[in-house]
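Here's the letter readout for the chains.
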Amino acid sequence: DHTAIETVRLLLKTKVQSINKFSAIFKKMDKDGKGTLSRKEFKRLIQLTVKSNKELVDGLDVYFEALWVEVCTKKGGGGEVEVGLETVASWLF
């Protein structure tokens, strides 16, 4: 659902406000310091972002696949196993 994806993007953008703050959050999620997040880690980042919006939390499983593909598509791929900071940042900002 494109509307839900855009809502999540805007929520995340509003929460982090700047690319620097987002980088810090991303690095915290990136436990092994590879500069990428696995699909599971990225989903956790989104869950933390939308936790105040019950409707989005409930719908996350349904549209997460589409969200993941949209973010990965920024890199020119699709269904990637991991996603890098630059890729997510280009989707977000």
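How each quantity is defined
- Residues numbered from 1 in each chain as written.
- Predicted model: local features only at pLDDT ≥ 70, side-chain atom pairs only at ≥ 80, totals over all residues.
- Heavy atoms only, no water.
- Phe/Tyr/Trp six-rings, centres within 6.5 Å; stacked < 30°, edge-to-face > 60°.
- Helix = DSSP H or I, 4+ residues; strand = E, 2+ residues; numbered from the N terminus.
- Expected span 1.5 Å × (residues − 1).
- Buried < 20%, exposed > 50% of the residue type's maximum accessible area, 1.4 Å probe, protein only.
- Arc of directions from axis to C-beta.
- Contact = heavy atoms within 4.5 Å.
- Polar contact = N/O pair within 3.5 Å; in protein donor to acceptor, adjacent residues only side chain to side chain.

Thoughts on the packing of aromatic side chains
(1) Moving on: Considering all chains together, one arrives at four aromatic pairs under this definition.
(2) Moving on: Aromatic ring contacts, followed pair by pair, group Phe42, Phe64 and Trp68 into a single cluster.

Thoughts on helix α3 (residues 39-50)
Counting along an α-helix, one turn takes 3.6 residues, and residues three or four places apart therefore face a common direction.
(1) Moving on: Counted at 1.5 Å a residue, the expected span for α3 with its twelve residues is 16 Å, and the 17 Å between its end C-alpha atoms agrees.
(2) Moving on: Residues of α3 that are buried: Phe42, Leu45, Ile46, Thr49 and Val50. The buried residues of α3 all sit within an arc of 125 degrees when viewed along its axis, so they share a single face.
(3) Moving on: Where α3 is buried, its residues meet α1 (2-16), α2 (19-29), β1 (36-38), α4 (54-73), β2 (82-84) and α5 (85-92).

Topic: the environment of Glu70
(1) Moving on: Tracing the sequence through the fold places Glu70 in helix α4.
(2) Moving on: Classification of Glu70 by relative accessible area gives partly exposed; the value is 22%.
(3) Moving on: Linking Glu70 and Ala4, residues 66 residues apart in sequence, is a C-alpha distance of 12 Å.
(4) Moving on: Reaching out from Glu70, the side chain makes a polar contact with the side chain of Trp91 at a distance of 3.0 Å.

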